[in-house]
Amino acid sequence: MKITITGASGFVGHNLEEYLKDCHDLTNMSVRYIRNQQFDIKSDAIIHLAGKAHDLKKVSHPQDYYEANFELTKQLFDAFLNSEAKVIVFMSTVKAVADEVKGILSEDAIPNPKTHYGIAKHQAEQYILSHKLSEGKRVYILRPCMIHGPGNKGNLNLLYQLVAKGLPWPLGAFENQRSFLSIENLCFVIKELLENEANPSGVYNVADDETLSTNELIELLGETLEKPVKILNISQNVIRFLARIGDVLPLPLNSERLQKLTESYVVDNSKLKQALGAKLPIQTREGLITTFQSFRKK
């Protein structure tokens, strides 16, 4: 199968290219939004990864998200509809549905994104779903949760540094559960969707099977590093008070950061597994240990 990948230079793209290169003919397409541009698709499938990621430092302009994640996706999807290509995979995000989750997030949840990043991804999803597909064409909109793996530079790396330095985890009084996604499982899912015509088009959450609390994550980091971990059960009220101070003063902890570190975000992957008819190859803890070991080698 001839496959065009956009955004192949990113974390997901690099790993996906390595995963698929021995069994498919891959082409990288460097894309960015330009008004009125048209793409000429010559491949059998498109994997659209390119876009603007969520900016944790909040220095990006809102328009950047709508151009990179919505307008560019429209242009590529229109090109797909007018091409001989049979499959398109659009990498969306769970943030296109919800920034906070009460209970378990399924594909049936009513979207209520709060950030420009999530809103733009949701608009792209809606545009794709508003079109009727020609016979033989398939569309997969994937909503991954937090992706990790060797080379990942996200929040897991920050927690790793805390444990590696022997610093205590001060938020042990907060109980939560979070879903994670191993990059190998994501690559497996994309490969299965591409190769099996029986997989129905649609929107799919992508997550590992097991959830972990942040406290369990800290303990797993300690096991991987062979270091004792210190989990402090400081009163939640005290922590929240300190976080409110951090909203005003430049402290390491503020209310927003506290929420991100302690909130629950559980994602239901049952629809995807039923469609695939196969088990995910990597278990949650196994994938996380591989990620942590990669940090250790740096």
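A brief look at the structure comes next. What you see is a predicted model, and the numbers here were worked out from it, not measured in a lab.

What follows covers the sheet that holds strand S6 (residues 138-144). Within a sheet, adjacent strands bond to each other through the backbone by hydrogen bonds, running parallel or antiparallel. Reading across the sheet, the 6 strands line up as S2-S1-S3-S4-S6-S9 and stay open at both edges, with parallel pairing between neighbours. With one partner strand each, in any of the chains shown, strand S2 (25-29) and strand S9 (202-206) form the two edges of the open sheet. Pairwise comparison of adjacent strand axes, ignoring direction, gives a mean angle of 20° for this sheet. Relative to S2, strand S1 (residues 2-6) is paired through 5 bridges, and the arrangement is parallel. Opposite Thr6, over in S2, you have Met29 as the bridge partner. The sheet strands contacting helix H1 (residues 11-20) are S1, S2 and strand S3 (45-48), and the helix crosses S2 at an angle near 160°.

Counting residues in hydrophobic clusters, the biggest one holds 39 residues, and the most contacted among them are Ile47, Leu142, Leu186 and Leu194. Counting only elements with at least two residues in this core, the list comes to S1, H1, S3, strand S4 (87-91), S6, helix H5 (183-195), S9 and helix H9 (270-276). Top element by residues in this core is H5. It accounts for 8 residues. Dropping the residues within four chain positions of it, Ile47 is found in contact with Ile3, Thr4, Ile5, Thr6, Leu16, Leu20, Val89, Ile190 and Leu194. Grouped together as the second largest cluster of nonpolar side chains are 22 residues, Leu171, Leu221, Leu253 and Leu258 included.

Here S9 lies mainly inside the structure; 5 of its 5 residues are buried. Burial of S9 is two-sided: the residues Gly202, Tyr204 and Val206 facing one way and the residues Val203 and Asn205 facing the other way are all buried.

Considering only enclosed or pocket space, the second largest pocket measures out at about 230 Å³ in volume. Along the walls of the second largest pocket sit 13 residues, with Gln37, Gln38, Gln75, Asp78 and Ala79 positioned nearest its centre. Of the residues contributing to the lining of the second largest pocket, the split by class is 4 nonpolar, 5 polar and 4 charged.

This part takes up the packing of aromatic side chains. The relation between two aromatic rings is expressed through the spacing of the ring centres and the mutual angle of the planes. For the structure shown, the criterion picks out 6 aromatic pairs. Pairing Tyr65 with Tyr117 gives two aromatic rings, centres 6.4 Å apart and planes at 65°, and the pair type is edge-to-face. Remark: Tyr117 occurs in helix H3 (residues 116-129) and Tyr65 occurs in helix H2 (residues 62-81); sequence separation between them is 52 residues. Taken together through their ring pairs, the aromatic side chains of Phe77, Phe80 and Tyr127 make up a single cluster. Across the ring face of Tyr127, the terminal group of Lys74 is positioned such that the distance to the ring centre comes to 5.3 Å.

Another aspect to go through is the sheet that holds strand S10 (residues 211-212). Strands sit in the order S7-S8-S10 across an open sheet of 3 strands; the sheet is mixed. Across the chains shown, the open sheet's two edge strands, defined by having one partner strand only, are strand S7 (146-148) and S10. Both S7 and strand S8 (residues 178-182) contribute to a ladder of 3 bridges, which runs parallel. The residue bridging His148 from the neighbouring strand is Ser182, located in S8.

The geometry of H2 relative to H3 is characterised by a closest axis approach of 8 Å and an angle of 15° between their N-to-C directions. Taken together, the axes of H2 and H3 are roughly parallel relative to one another. Every pair of crossing elements has a handedness; the one defined by H2 and H3 is right-handed. Packed against H2, whose contacting residues are Pro62, Tyr65, Tyr66, Asn69, Phe70, Thr73, Lys74, Phe77 and Asp78, the element H3 presents His116, Tyr117, Ile119, Ala120, Lys121, Gln123, Ala124, Tyr127 and Ile128 at the interface. A breakdown of the residues in the contact of H2 with H3 according to their chemical character gives 11 nonpolar, 4 polar and 3 charged.

Bringing the pattern of salt bridges into the picture now. Pairing is possible between side chains that carry opposite charge, provided their charged atoms lie close to one another. Evaluated as defined, the whole model comprises 9 salt bridges. Notably, a salt bridge pairs Lys21 with Glu18, separated by 3.0 Å at the nearest N-O pair. Bridged by salt links that share partners, the residues Glu210, Glu216 and Arg285 form one connected network.

This next bit is on the environment of Val139. Tracing the backbone through its elements, the reader meets Val139 in strand S6. For Val139, a relative accessible area of 6% translates into the label buried. Measuring from C-alpha to C-alpha, the distance between Val139 and Leu129 comes to 8.8 Å, with 10 residues separating the pair along the chain. When near neighbours in sequence (up to four residues on either side) are disregarded, Val139 contacts Phe77, Phe80, Ile88, Ile128, Leu133, Ser201 and Gly202.

Definitions and cut-offs
Residues numbered from 1 in each chain as written. Predicted model: local features only at pLDDT ≥ 70, side-chain atom pairs only at ≥ 80, totals over all residues. Heavy atoms only, no water. Pairing = 2+ DSSP bridges. Helix = DSSP H or I, 4+ residues; strand = E, 2+ residues; numbered from the N terminus. Axes fitted to C-alpha atoms, helices over the stretch in contact; angles between N-to-C directions. Contact = heavy atoms within 4.5 Å. Core = buried A, V, L, I, M, F, W, Y, C linked by side-chain atoms within 4.5 Å. Buried < 20%, exposed > 50% of the residue type's maximum accessible area, 1.4 Å probe, protein only. 1 Å grid on protein atoms, 1.4 Å probe; cavity = no way out; pocket = protein on both sides within 12 Å on 5 of 7 lines; lining within 4 Å. Points joined across faces, edges and corners; volume = space filled by probe spheres on them. Nonpolar A, V, L, I, M, F, W, Y, C, P; charged D, E, K, R; others polar. Phe/Tyr/Trp six-rings, centres within 6.5 Å; stacked < 30°, edge-to-face > 60°. Lys NZ or Arg CZ within 6 Å of the ring centre and 35° of its normal. Parallel < 35°, antiparallel > 145°, perpendicular 65-115°, else oblique. Left-handed = near helix turned anticlockwise from the far one by under 90°. Salt bridge = Lys/Arg side-chain N within 4 Å of Asp/Glu carboxyl O.

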